[in-house]
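# Summary of the model geometry
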Amino acid sequence: MREKKLTLIISFETTTQAMAMEMKCKKAGMPGRMIPLPEEVSAGCGLSWSMPPEYKEEVLAFMDENSLVYDQCCEIYF
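A brief structural summary. Treat the numbers as computed from the prediction; the structure is a model and nothing was measured. (Residues numbered from 1 in each chain as written. Predicted model: local features only at pLDDT ≥ 70, side-chain atom pairs only at ≥ 80, totals over all residues. Heavy atoms only, no water.)

Turning next to the overall build of the protein. Scanning the protein for helices and strands turns up two helices and four strands. Tracing the protein from N to C terminus, the helices and strands come up as β-α-β-β-α-β. Taking 12 Å as the expected radius of gyration for a compact globule of 78 residues, we find that the protein reaches 12 Å, a close match to that expectation. Along the first, second and third principal axes, the C-alpha atoms of the protein reach 35 × 25 × 15 Å. In the protein, which comprises 78 residues, the share counted as buried stands at 36%. A fraction of 73% describes how many contacts in the protein between residues 6 or more apart in sequence connect residues 24 or more apart. As displayed, the protein has an accessible area near 4900 Å², and 50% of this comes from carbon and sulfur atoms. Charge-centre separation for the protein: the mean point of 8 positive side chains lies 7 Å from the mean point of 12 negative side chains. (Helix = DSSP H or I, 4+ residues; strand = E, 2+ residues; numbered from the N terminus. Rg over C-alpha atoms; globule rule 2.2 N^0.38 Å. Buried < 20%, exposed > 50% of the residue type's maximum accessible area, 1.4 Å probe, protein only. Contact = heavy atoms within 4.5 Å. Areas by Shrake-Rupley, 256 points an atom, 1.4 Å probe, with all protein chains shown as cover. Lys, Arg positive; Asp, Glu negative; His and termini not counted. Charge placed at Lys NZ, Arg CZ, Asp CG, Glu CD.)

This is how it looks when you write it as structure tokens:
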């Protein structure tokens, strides 16, 4: 069993919002990746952006600058 580590999870209400996030983050070189929504988080479309928690402020600012909409932003052990 792999060791769980603290992870920043950003969830979305729609798949369109999730895909926009993935496209813009990859283009900008933002760390992270799209994953299925962890069971610990209950939200919208079933997709989430996963990244190290130390990038929280940076990614929230990036999302605001790029008009990216999200449902929840939380840190969980995953």
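We are not done yet, so read on.
For the rest of this paragraph, the subject is unusual backbone geometry. One non-glycine residue, S67, lies in positive phi territory at about 55°. Look at S67 and you get exposed, because its relative accessible area is 62%.

Turning next to the packing of helix α1 (residues 15-28) against helix α2 (residues 56-65). Interhelical geometry of α1 versus α2 gives an angle of 110° and a closest axis separation of 11 Å. Between α1 and α2, the interaxial angle falls into the category roughly perpendicular. The crossing of α1 and α2 is right-handed. Contacts between α1 and α2 involve M21, K24, C25 and A28 on the former and, on the latter, V59, F62 and M63. Taken together, the residues that form the contact of α1 with α2 break down as six nonpolar, no polar and one charged. (Axes fitted to C-alpha atoms, helices over the stretch in contact; angles between N-to-C directions. Parallel < 35°, antiparallel > 145°, perpendicular 65-115°, else oblique. Left-handed = near helix turned anticlockwise from the far one by under 90°. Nonpolar A, V, L, I, M, F, W, Y, C, P; charged D, E, K, R; others polar.)

This paragraph deals with the nonpolar core. Among the nonpolar cores identified, the biggest contains 14 residues, and I10, F12, M21, W49, V59 and M63 are the most heavily contacted of them. For this core, the elements supplying multiple residues, two or more each, are β1 (6-11), α1, β3 (47-51) and α2. Those residues in contact with M63 that sit more than four places away from it in its chain are I10, F12, M21, L68 and Y70. Among the nonpolar cores identified, the runner-up in size contains six residues, and L37, V41, C74 and I76 belong to it. (Core = buried A, V, L, I, M, F, W, Y, C linked by side-chain atoms within 4.5 Å.)

Before going further, it helps to spend a moment on α2. All of the buried residues along α2 are V59, F62 and M63. Each buried residue of α2 lies within a common arc of 100° when the element is viewed along its axis, so the set occupies one face. Exposed and facing more than 90 degrees away from the buried side of α2 are E57, D64 and E65. Buried residues along α2 sit against β1, α1 and β3. Following α2 by one or two positions, S67 adopts a phi angle in the positive range, close to 55°. (Arc of directions from axis to C-beta.)

These figures come from the coordinates and say nothing about function on their own.
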